[in-house]
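Listed below are the residues making up each chain.
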Amino acid sequence: FVAEVCDPVTALMNHSCAPNAAVAWHCPAQPGEHICHTVRCLEPLNPGDEVLISYVDTGQPWWSRQAALQSVHGFSCACLVCHDIQRSVSGCSDNGSSASTATIRSSLQR
(Lines give C-alpha, C1' and ligand atoms only; values in the text may rest on other atoms or scores of the structure.)
Protein backbone atom coordinates (compact mmCIF):
# COMPACT_ATOMS: atom_id res chain seq x y z
CA PHE A 1 0.00 0.00 0.00
CA VAL A 2 1.55 3.29 -1.10
CA ALA A 3 0.09 6.63 -0.14
CA GLU A 4 0.93 10.30 -0.16
CA VAL A 5 0.18 12.62 2.72
CA CYS A 6 -1.53 15.96 2.17
CA ASP A 7 -1.59 16.81 5.88
CA PRO A 8 0.83 19.74 6.32
CA VAL A 9 2.16 18.59 9.71
CA THR A 10 2.79 14.98 8.68
CA ALA A 11 4.27 16.13 5.36
CA LEU A 12 6.96 18.02 7.32
CA MET A 13 8.19 14.86 9.07
CA ASN A 14 11.61 13.72 7.96
CA HIS A 15 12.73 10.24 7.00
CA SER A 16 14.88 7.83 8.98
CA CYS A 17 15.60 4.13 8.50
CA ALA A 18 15.34 3.95 12.31
CA PRO A 19 12.10 5.90 12.77
CA ASN A 20 10.66 6.82 16.15
CA ALA A 21 7.12 7.09 14.73
CA ALA A 22 4.95 5.48 12.05
CA VAL A 23 1.99 6.57 9.97
CA ALA A 24 -1.06 4.34 10.50
CA TRP A 25 -3.57 4.45 7.64
CA HIS A 26 -7.27 3.96 8.32
CA CYS A 27 -8.99 2.74 5.19
CA PRO A 28 -12.73 3.24 4.90
CA ALA A 29 -15.05 0.36 5.63
CA GLN A 30 -17.84 1.86 3.54
CA PRO A 31 -17.73 3.42 0.07
CA GLY A 32 -17.64 7.21 0.28
CA GLU A 33 -15.83 7.34 3.62
CA HIS A 34 -12.53 9.19 3.72
CA ILE A 35 -9.13 7.62 4.19
CA CYS A 36 -7.38 9.15 7.18
CA HIS A 37 -4.15 8.57 9.08
CA THR A 38 -2.60 8.97 12.49
CA VAL A 39 1.03 9.22 13.50
CA ARG A 40 1.97 6.86 16.32
CA CYS A 41 5.15 7.00 18.38
CA LEU A 42 7.21 3.81 18.34
CA GLU A 43 9.17 4.84 21.41
CA PRO A 44 8.87 7.48 24.13
CA LEU A 45 9.75 10.95 22.88
CA ASN A 46 10.96 13.93 24.86
CA PRO A 47 9.93 17.53 24.21
CA GLY A 48 12.02 18.85 21.34
CA ASP A 49 12.75 15.40 19.81
CA GLU A 50 12.32 15.27 16.06
CA VAL A 51 9.51 12.96 14.96
CA LEU A 52 10.95 10.70 12.27
CA ILE A 53 9.01 8.35 10.00
CA SER A 54 10.26 6.01 7.30
CA TYR A 55 9.37 6.81 3.71
CA VAL A 56 10.31 3.25 2.66
CA ASP A 57 10.00 -0.30 3.96
CA THR A 58 12.74 -0.56 6.60
CA GLY A 59 12.72 -4.34 6.17
CA GLN A 60 14.33 -3.95 2.75
CA PRO A 61 18.13 -4.11 2.37
CA TRP A 62 20.13 -0.90 2.65
CA TRP A 63 20.90 -0.60 -1.07
CA SER A 64 17.22 -1.12 -1.94
CA ARG A 65 16.10 1.58 0.50
CA GLN A 66 18.74 3.98 -0.83
CA ALA A 67 17.72 3.37 -4.45
CA ALA A 68 14.02 3.86 -3.63
CA LEU A 69 14.64 7.08 -1.72
CA GLN A 70 16.84 8.44 -4.52
CA SER A 71 14.41 7.57 -7.31
CA VAL A 72 11.16 8.56 -5.57
CA HIS A 73 12.20 11.34 -3.18
CA GLY A 74 15.44 12.60 -4.74
CA PHE A 75 17.80 12.08 -1.80
CA SER A 76 20.12 9.51 -0.29
CA CYS A 77 19.48 8.67 3.34
CA ALA A 78 22.19 9.68 5.81
CA CYS A 79 20.45 8.60 9.03
CA LEU A 80 22.54 6.90 11.70
CA VAL A 81 21.74 3.42 10.34
CA CYS A 82 22.66 4.30 6.75
CA HIS A 83 25.69 6.33 7.80
CA ASP A 84 27.12 3.31 9.65
CA ILE A 85 26.42 0.99 6.70
CA GLN A 86 27.88 3.48 4.20
CA ARG A 87 31.02 3.78 6.33
CA SER A 88 31.32 -0.03 6.41
CA VAL A 89 30.81 -0.32 2.64
CA SER A 90 33.34 2.45 1.98
CA GLY A 91 35.86 0.73 4.22
CA CYS A 92 35.62 -2.65 2.48
CA SER A 93 39.05 -4.03 1.73
CA ASP A 94 39.90 -5.47 -1.65
CA ASN A 95 39.39 -9.06 -0.46
CA GLY A 96 36.82 -9.93 -3.09
CA SER A 97 34.21 -7.52 -1.76
CA SER A 98 35.11 -4.72 -4.17
CA ALA A 99 32.78 -6.16 -6.84
CA SER A 100 29.81 -6.05 -4.46
CA THR A 101 30.78 -2.55 -3.34
CA ALA A 102 30.88 -1.42 -6.99
CA THR A 103 27.47 -3.04 -7.59
CA ILE A 104 25.97 -1.22 -4.60
CA ARG A 105 27.46 2.11 -5.64
CA SER A 106 26.24 1.74 -9.24
CA SER A 107 22.70 0.89 -8.09
CA LEU A 108 22.67 4.04 -5.92
CA GLN A 109 23.66 6.21 -8.86
CA ARG A 110 20.74 5.06 -11.02
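As a reminder, the structure under discussion sits directly above these lines.
Residues numbered from 1 in each chain as written. Predicted model: local features only at pLDDT ≥ 70, side-chain atom pairs only at ≥ 80, totals over all residues. Heavy atoms only, no water.

A.B. asks: Provide a residue-level description of the overall build of the chain, including the pertinent values.
C.D. replies: Across its full length, the chain carries 4 helices and 4 strands. What you see in the chain, going N to C, is helices and strands ordered as α-β-β-β-β-α-α-α. Relative to its full complement of 110 residues, the chain shows a buried share of 22%. The long-range share in the chain, meaning contacts at least 24 apart out of those at least 6 apart in sequence, stands at 49%. In the structure as shown, the chain presents an accessible area of about 7700 Å², 56% of it carried by carbon and sulfur atoms. (Helix = DSSP H or I, 4+ residues; strand = E, 2+ residues; numbered from the N terminus. Buried < 20%, exposed > 50% of the residue type's maximum accessible area, 1.4 Å probe, protein only. Contact = heavy atoms within 4.5 Å. Areas by Shrake-Rupley, 256 points an atom, 1.4 Å probe, with all protein chains shown as cover.)

A.B. asks: Got a sec to walk through helix 2 (residues 62-73)? Specific residues and values, please.
C.D. replies: In this model, helix 2 (12 residues) spans 16 Å end to end at C-alpha, consistent with the 16 Å of a helix rising 1.5 Å per residue. Within the sequence span of helix 2, burial applies to Trp 62, Arg 65, Gln 66 and Leu 69. Seen from one end, helix 2 has its buried residues packed into an arc of 100°, which puts them on one side. Opposite the buried face of helix 2, by more than 90 degrees, sit the exposed residues Ser 71 and Val 72. (Expected span 1.5 Å × (residues − 1). Arc of directions from axis to C-beta.)

A.B. asks: Please provide a residue-by-residue account of the packing of helix 2 against helix 3 (residues 80-90), values included.
C.D. replies: Interhelical geometry of helix 2 versus helix 3 gives an angle of 115° and a closest axis separation of 11 Å. Taken together, the axes of helix 2 and helix 3 lie roughly perpendicular to each other. As for how helix 2 packs across helix 3, the hand of that crossing is left-handed. Across from Trp 62, Arg 65 and Gln 66 in helix 2, the residues of helix 3 making contact are Val 81, Cys 82, Ile 85, Gln 86 and Val 89. (Axes fitted to C-alpha atoms, helices over the stretch in contact; angles between N-to-C directions. Parallel < 35°, antiparallel > 145°, perpendicular 65-115°, else oblique. Left-handed = near helix turned anticlockwise from the far one by under 90°.)

A.B. asks: Report on the state of the cysteines, specifying residues and quantitative values.
C.D. replies: In this structure the tally under the stated criterion is 0 disulfides. The closest cysteine sulfur to the non-disulfide-bonded Cys 79 is located on Cys 77, 3.5 Å from its own sulfur. (Disulfide = S-S within 2.5 Å.)

A.B. asks: An account of the environment of Cys 41 is requested, with residue identities and associated values reported.
C.D. replies: The topology assignment puts Cys 41 in strand 3 (residues 36-41). Between the C-alpha atom of Cys 41 and that of Ala 21, which follows or precedes it by 20 residues, the distance is 4.1 Å. Filtering out sequence-adjacent residues up to four positions away, Cys 41 remains in contact with Asn 20 and Ala 21.

By themselves, these observations are geometric and do not establish any function.
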